[in-house]
Amino acid sequence: MSSLSANRRQALFGGLCLCCLPTLGRSAEGFGLDEVGPGIFIRRGPDAEATADNADAIANIGFIVGEKSVLVTESGGSLTDGQWLRAEIAKRTDKPISHVVLTHVHPDHCFGAAAFSDDKPVFVGHHALRSALDARGEYYRNRLVEILGPDKAGSVVYPTLEVKDGAEIDIGGRTLRFTAHGTAHTNCDLSMRDSGSGILFPADLLFVTRIPSLDGSLIGWLKQTEVLKAMGATKAVPGHGPTLVDFAPAMADLTRYLTTLRDETRKAVAADLPIDKAISSIGRSERDKWVLFDTYNGRNVTQAFKELEWE
């Protein structure tokens, strides 16, 4: 390893990934819900970062209505966002909310959970989510308090059902099958597939339109794309982007970006390219294909360097 490695490591900032924390935005009240399948309602989040105006309502969230109960696919990005979703559910059904899924640690996907506490649901999460929340939860909460205020931010809610490999949940007439993935987008990614519609819910293992954010393992994420493909789904609800997409082309776009990031980072490492030059050059062919590219690509390159320079 060259002498540049020390400087490179110093440049690889070690702070916690904010992923979807702080500019654009609109409030949750301005959203509607798409019925993407029978009894499946999804709200599209804007391609933006958390602001006081949008209440961190920036992820795709929603719910699935079964014959017996309701499963919340994502809880929202703040207490305010979760309360909005809870009210939308009440407009459509009086069935009990039995499960709330926390797909990973990032705040736009899990800080609405407290809005459902009175329903006493099972909070479903990856087996590594609890430790991830221990490490980052209060930090994320404090950032949300700074942006939204203490009454709107929400609180850390832990999973009460931890998925170690796979799990199935029956809400009446439909079964949700869960997969706990290896480190990829984060170290605690959980996907879900609905037996009734066949729709896959990969959460942030699939970004559409908005640039992917790497907070786990680049090599691991590419491996998990193959796991998702093997599930055989034709339609998917991504963590960010349109509420329902054709799975194969959407995953192809994400895989292309991740592969470009991997290959060009490896070349930069081999050439001893300084990190500042790497950030300004790697992945530029993808710039016009993703919203928020300039905000996140540099962070992704930095994360990729941390992983790939030691191959």
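Structural notes, computed from the coordinates. (Residues numbered from 1 in each chain as written. Predicted model: local features only at pLDDT ≥ 70, side-chain atom pairs only at ≥ 80, totals over all residues. Heavy atoms only, no water.)

Bringing the sheet that holds strand β2 (residues 40–43) into the picture now. In sheet architecture, strand pairing relies on hydrogen bonds along the backbone and comes in two forms, parallel and antiparallel. What the seven strands build is an open sheet, ordered β1-β2-β3-β4-β5-β6-β7; its pairing is mixed. Sheet topology places β1 (34–37) and β7 (161–163) at the edges, where each strand pairs with a single neighbour. Sheet twist, expressed as the average angle between the axes of neighbouring strands with direction ignored, equals 25 degrees. Relative to strand β4 (residues 70–74), strand β3 (residues 61–65) is paired through four bridges, and the arrangement is antiparallel. If you follow Ile 64 over to β4, its bridge partner there is Leu 71. (Pairing = 2+ DSSP bridges. Helix = DSSP H or I, 4+ residues; strand = E, 2+ residues; numbered from the N terminus. Axes fitted to C-alpha atoms, helices over the stretch in contact; angles between N-to-C directions.)

Further remarks concern the pairing of strand β12 (residues 235–240). Burial analysis of β12 places five of its six residues in the buried class, the great majority of the element. As paired strands, strand β11 (residues 200–207) and β12 are joined by three bridges and run parallel to one another. Counted as the bridge partner of Ala 203 is Pro 238 from β12. Where the polypeptide runs from β11 across helix α6 (residues 218–229) and back to β12, its parallel neighbour, the crossover connection is right-handed. Bridging between β12 and strand β13 (residues 245–246) involves two bridges; their strand directions are antiparallel. Each bridged residue has a counterpart across the sheet, and for Ala 236 the counterpart in β13 is Val 245. Between β12 and β13, which pair antiparallel in sequence order, lie four residues; one of them, Gly 241, sits at a positive phi of approximately 120 degrees. (Buried < 20%, exposed > 50% of the residue type's maximum accessible area, 1.4 Å probe, protein only. Right-handed = clockwise from strand over helix to strand, strands pointing away.)

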